[in-house]
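Structural overview
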Amino acid sequence: MLHFLASWEVFFQTVLVNALLAFSVQIALRAGVFSLAGVGCWAIGAYTLSILNLRGVNTLVAIVAAVAIACVVSYLLSLVLVRLRGLYLGMATVAFNQMVGVAIINGGELTGGEMGLYGVNAPVTTLQLVIVVGVVCLMLWAMERGVLGRAYNIVRDDESLAESLAIDTGSLRRFAFVLSGAIGALGGALNAMLLGIASPTDADFPVIVIALTMVIVGGFHSWRGALIGAALILWLPIGIQSFGIRGMHEWWSVVYGALILGIAVYFPKGLLGGLQKLRSLVDRRAVREATP
Amino acid sequence: MLAEQLLVNAAVLGAVLTLFALGLSLTWGALDVLNLAHGAIFVASAWVATRLANSVEVPFVALLVAGMAAGALLAVVAELIAFRPIRRLISNKRQAELSMVAATVGFGFVIDNLVGRATSHQVFSFPIGAFEFRQYDLGVFKAFNIEIIIFATAIIGALLLNYWIMRTRQGMAIRAIAFSPRIAPLLGVKVDNMAALTMAVSGALAGLSGSLMVVWTSGMDISTGHSLLLRAFAIVVLGGVGSVKGCVLAAFLLAAVETGIVAAGYGSMRDAAAFSLIILVLLFRPQGLFGTGRAMRA
Amino acid sequence: MKTTRRMLVAGAASTAILLGMPWAHAQETINITALVEQTGAIAAAGQDIGRGIEMGIDTVNASGRLGNYKIVADVKDTASTPATGAALASQVASSDSIAILGPALSSVAMAVAPIAQRSGVPMIAIQANTAGLVETGDHVYRLTPPFYTFNGLTYKYLAQQGLKKVALSYISNIPSVTGLGRDFAPKWIEANGLELVAEETMPVNTTDFSTTIAKLVASNPDAIGLYNLDTQLPALISGIRRAGFTGQLFCYAISPATLSAVGDAGDGIVLSIDYSPALDDPSSVEFTKAFGEKYGGTPTIYHANGYDSVLFLGAALEKVIAGGAKPDRENLLAAMAEVAQTGIDGASGHLRFDSQTHRDARVAGVLVQYKGGVPSVLLKGDPNVEEQ
């Protein structure tokens, strides 16, 4: 049993850290803000932490700095992009992410250019990761409930209605933007600590696609969906390969794509939605059987 | 001398981008589908054309037609297995959008890896001799026959597409769907059929640009599609979703800007052109140059 | 009646058990794991490396040098992703695998190396040209000499041919290749009395080169260097020839697929390389021939690198087994360090290790020229020098 746990520890840590990436996208989508800027902030977080760590700054201070910088950047971004909605907002945030990538590559000595930074020495334990991610989950859970939760639901589904109800949509949207950036940066910083490197590909288009896929596949209505999505997307490459009947596992990438396609089409609320539906089916059956 | 040559380069690049981006703009404008598999369809169609060329000797036009057919087929498959079920099952518009994006990611992944397996992730190309290169001296600059073909094809293609959308009944039906997917059926529009047709045309455009490009660059591999996709987004945003005129202008504008950046010696920053444009446009004119004004739908 | 049946069943069962027991088999297995980029950004190279590893294992097992043992490799796809590679590596750490072969992509290798180091698993990286890899620790080896250790040969050749003006194109965002173009090429150009007349850079995902080509050709060079990905070469080579350039072309890597795609346009292109089918070292010739017999066609440098990594592993294992010790991680590591002192003879000829870390491979290297898709050796590197 311990053997099994040990071999999956790095994977578990990777899921925790990438869950933060998924959360950053989910929290924005949930508020109706189609922002993928969390990915750019992931890169900002990774580099800030690495740059500071390589100069001997205390790890905790470095993490706080990474998150703080991302908050400021996200806030400014939210002001600049205030008039955009939907896919257009999404495109703008993708463009922002790409600009972060360009800045990183042309950052010379500071960012290590195209090679990135390596040798980051800030080890983190699984327990610490569980605590951090747990706190974030708690925060997201709290935001999904009560007045705030309902307010966000309305803002997401019908913005003009929300405004007519005297809900400060502007503040809520900005807050979602900033929180998305903060969580993304936290994830990026932890990722740099985990891998010991920060690389320019942290802001690349494939990362954006992965983050979006995690959230949609898992279910973007709740943080639980993002967590499931992160675990699944990270597990699939390894999992499909170990199911490999000899020769079959070479096709893992095709199976991976097909699975994502299938889930996107038939599980619109993601796997989380599917699980909830399953549970309600079971409940209903229990009720039916209970009544004579 | 160099400046004129750069003009030719920009023109050909713009032409390839035009054909590719028109396909993307069509599905985005008409069906609200952000087709992230468009690049994969582009590459797969080009590959089909090269396979044909390597097996039998056919005239060059037949190869282009084969590419277009392959692209159309793949796009229709996407419509049947992904977009149509999503339209049926999901009523919330925003959710449907997101699901379709994710579906195209999966679909694109499948196609990319199938083609990758078939090519061992190597470069694939037409056999030498499938196309004879000839250079023409047009006084001010020199151009190759393929470059002239690409440019002409793009212009003609754009004109035909514009005519089709603006002047035919089918085009009217598509514009009705673009305006309101809910009201269109009430007007007698068969949404499913139109959606399939739109996807087919979009796929054919991808296939056409792919087949032309694989000749122009003497070979291509599956990564080519990804780089084009991002620039296509910039073009569609800049030109205005659903506007053929806008798309064409934006494509040539982007090509000109990129060519200028490389010519000035900042080759490593060429990607920045596309997304800087995106941000600028979205900040100051979100509906693009010729957008229909539906840009900011809340 | 019942008793007879029972006895039959018991007899059958015990026979089955006896046959299944380990000591009934003549051979013992040595388990290793190969982390290969079979999909993703460098899938083309990764696939070839995997095949080279497969061939190397078959060769070593068939040679009998390992006595009663045979190597069994578990091949896993890293998907060219550091996170996946790292997760796979940590699984290796708690398995009975005694070595990791690969990865090839630098970023993945850099993520795997610390894990291999701290879990005590010897790691033999292939390709992975980045700086700082073997410096991670004494468990990390690299079997492919970094590009900069042999690409200087090209410039010696250019000077020998009496050429003077060099135009250079290189990728701006792959560390090893960018380094070649930006840091090393100017050094070599100066050292050989050449002149750099044009320098064009582009990111790795560039697909349109018309402007780059125009500028390179307009600088009127004697030679044009293309430090670009193999998949970018068809557009570059054919475009440069169509623009009217008839001079010397050189690059750092080229595949048979690209050569057939460009046809005549690629004739005469030269490159400095660690392995080529044209190498005449006995061990190289043996490899090239055996590859042709087994798989048909000619091998690429990736096949050769994968093969050599297994040869190195095999040589170390041979030492362990010959010394009567058990093939486990510690003994293997010690043997690897010993073998590294003398080096091995493999597909790339004589492979030795650097004088600083003793874990980074070095070869003499060759300059080859392609004509009609067939390479021939024009210049050989100096085996007594670490950097050509």
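Residues numbered from 1 in each chain as written. Chains lettered and ligands numbered in written order. Predicted model: local features only at pLDDT ≥ 70, side-chain atom pairs only at ≥ 80, totals over all residues. Heavy atoms only, no water.

1. Notes on the pairing of strand E12 (residues 349-353) of chain C
Residue and element names in this part refer to chain C. As a reminder, the rule being used: In this scheme, a residue with accessible area under 20% of its type's maximum is buried, one over 50% is exposed, and one in between is partly exposed, where area comes from a 1.4 Å probe on protein chains only. Put simply, DSSP H or I for four residues or longer makes a helix, DSSP E for two residues or longer makes a strand, and each gets a number counted from the N terminus. We treat two strands as partners when DSSP finds at least two bridges between them.
Of all 5 residues in E12, 4 are buried, a share of seventy percent or more. When strand E11 (residues 344-346) meets E12, the two strands line up antiparallel, connected through 3 bridges. For Asp-345, the partnering residue across the bridge sits in E12 and is His-350. The hairpin formed by E11 and E12 contains 2 residues between the paired strands.

2. A closer look at the domain arrangement of chain C
Residues and elements named next belong to chain C. Condition: An automatic or database domain assignment is the source of the domain bounds shown. Between two residues, a contact is recorded if the distance between any of their heavy atoms is within 4.5 Å. Put simply, buried area is how much 1.4 Å-probe accessible surface two parts lose in total, over both of them, once they are put together. By definition here, a salt bridge exists when the distance from a side-chain nitrogen of Lys or Arg to a carboxyl oxygen of Asp or Glu is within 4 Å. Any pair of nitrogen or oxygen atoms within 3.5 Å is treated as a polar contact; in protein, a donor-acceptor pairing is required on top of that, and neighbouring residues in sequence qualify only through side-chain atoms on both sides. Three residue categories are used. Nonpolar comprises Ala, Val, Leu, Ile, Met, Phe, Trp, Tyr, Cys and Pro, charged comprises Asp, Glu, Lys and Arg, and polar comprises the others, including Gly.
Its domain assignment divides chain C into domain 1 (28-147 + 280-363) and domain 2 (151-273). Of note, the centres of domain 1 and domain 2, computed from C-alpha atoms alone, are 30 Å apart. Listed per partner, the contact involves 4 residues of domain 1 and 7 residues of domain 2. When domain 1 packs against domain 2, close to 550 Å² is buried across both sides, 75% of that on carbon and sulfur atoms. Of all residues in domain 1, Phe-147, Thr-300 and Ile-301 give up the largest surface area on contact with domain 2, accounting jointly for 74% of the area buried on that side. Here domain 1 is connected to domain 2 by 0 salt bridges. Inspection of the region where domain 1 meets domain 2 yields 1 residue pair in polar contact (both at pLDDT 80 or more). Tallied by class, residues from the side of domain 1 that touches domain 2 come to 2 nonpolar, 2 polar and no charged.

3. Observations concerning the interface of chain C and chain B
On the side of chain B, 32 residues touch chain C, which itself brings 34 residues to the contact. When the buried area of chain C at its contact with chain B is split by residue, C:Thr207, C:Asp208 and C:Arg242 rank highest and sum to 25% of it. Our count for the contact surface shared by chain C and chain B stands at 1 salt bridge. Counting across the chain C and chain B interface gives 7 residue pairs in polar contact (both at pLDDT 80 or more). Elements supplying a minimum of two residues to the side of chain C that touches chain B: helix H2 (43-63), strand E7 (195-202), helix H7 (210-218), helix H8 (233-242) and helix H9 (256-262) of chain C. At 6 residues, H7(C) tops the list of elements feeding residues into the side of chain C that touches chain B.

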